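# Reading the structure
Each chain, letter by letter, is given below.
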Amino acid sequence: MDDTIVSPTCARTLYEACASNDATLLEVPGAIHTAEFAVAPDLYWNAVDSFIDRLFPLH
């Protein structure tokens, strides 16, 4: 993760401090802030889909 807006260390600290059981941290090497979808679109959308599926399961 090459983010210069929120450092990877800060992102990990926030993730670890999150009280939610559904927290997810997606780190994409080479991606700047909010550009994960451009660097690794399949990885990004799979993470988004998994998150939505966990919160809103369609049974």
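## A short note on the overall build of the chain
Assigned secondary structure in the chain consists of 3 helices and 0 strands. Expressed along its principal axes, the backbone C-alpha trace of the chain runs to roughly 40 × 25 × 10 Å. Counting every position in the chain, which comprises 59 residues, the buried fraction comes to 14%. Intrachain contacts of the chain at a sequence separation of at least 6 include 46% that bridge at least 24 residues. Of the roughly 4600 Å² of accessible surface on the chain, a fraction of 60% belongs to carbon and sulfur atoms.

## Examining a nonpolar patch on the surface
A surface patch of nonpolar side chains, amounting to about 370 Å² of accessible area, comprises Phe51, Ile52, Leu55 and Phe56. Tracing the sequence through the fold places Leu55 in helix H3 (residues 41-55). On the accessibility criterion, Leu55 (35% relative accessible area) is partly exposed.

## As for the environment of Ala11
Checked against the element boundaries, Ala11 lands in helix H1 (residues 8-17). Given a relative accessible area of 14%, Ala11 falls into the buried group. Put simply, Ala11 and Glu27 are 16 residues apart on the chain and 9.2 Å apart in space, counted from C-alpha to C-alpha.

## Here's the deal with the confidence of the model for the chain
Per-residue pLDDT for the chain averages 88, and the proportion of residues at 70 or more is 95%. Within the chain, the lowest mean pLDDT, 90, falls on helix H2 (residues 36-39), and the highest, 93, falls on H3.

## Points about the packing of aromatic side chains
The geometry of an aromatic ring pair is captured by two quantities: the separation of the ring centres and the angle between the planes. Under the counting rule described, the total for this entry stands at 2 aromatic pairs. Seen in terms of ring centroids, Tyr44 and Trp45 are 4.8 Å apart; in terms of plane orientation they differ by 85 degrees. Their pairing is edge-to-face. Chaining the aromatic ring pairs together yields one cluster made of Phe37, Tyr44 and Trp45.

Criteria and thresholds
Residues numbered from 1 in each chain as written. Predicted model: local features only at pLDDT ≥ 70, side-chain atom pairs only at ≥ 80, totals over all residues. Heavy atoms only, no water. Helix = DSSP H or I, 4+ residues; strand = E, 2+ residues; numbered from the N terminus. Buried < 20%, exposed > 50% of the residue type's maximum accessible area, 1.4 Å probe, protein only. Contact = heavy atoms within 4.5 Å. Areas by Shrake-Rupley, 256 points an atom, 1.4 Å probe, with all protein chains shown as cover. Patch = residues over 30% accessible without salt bridge, like charges linked within 9 Å, V, L, I, M, F, W, Y side chains within 5 Å. Salt bridge = Lys/Arg side-chain N within 4 Å of Asp/Glu carboxyl O. pLDDT = per-residue confidence, 0-100. Phe/Tyr/Trp six-rings, centres within 6.5 Å; stacked < 30°, edge-to-face > 60°.

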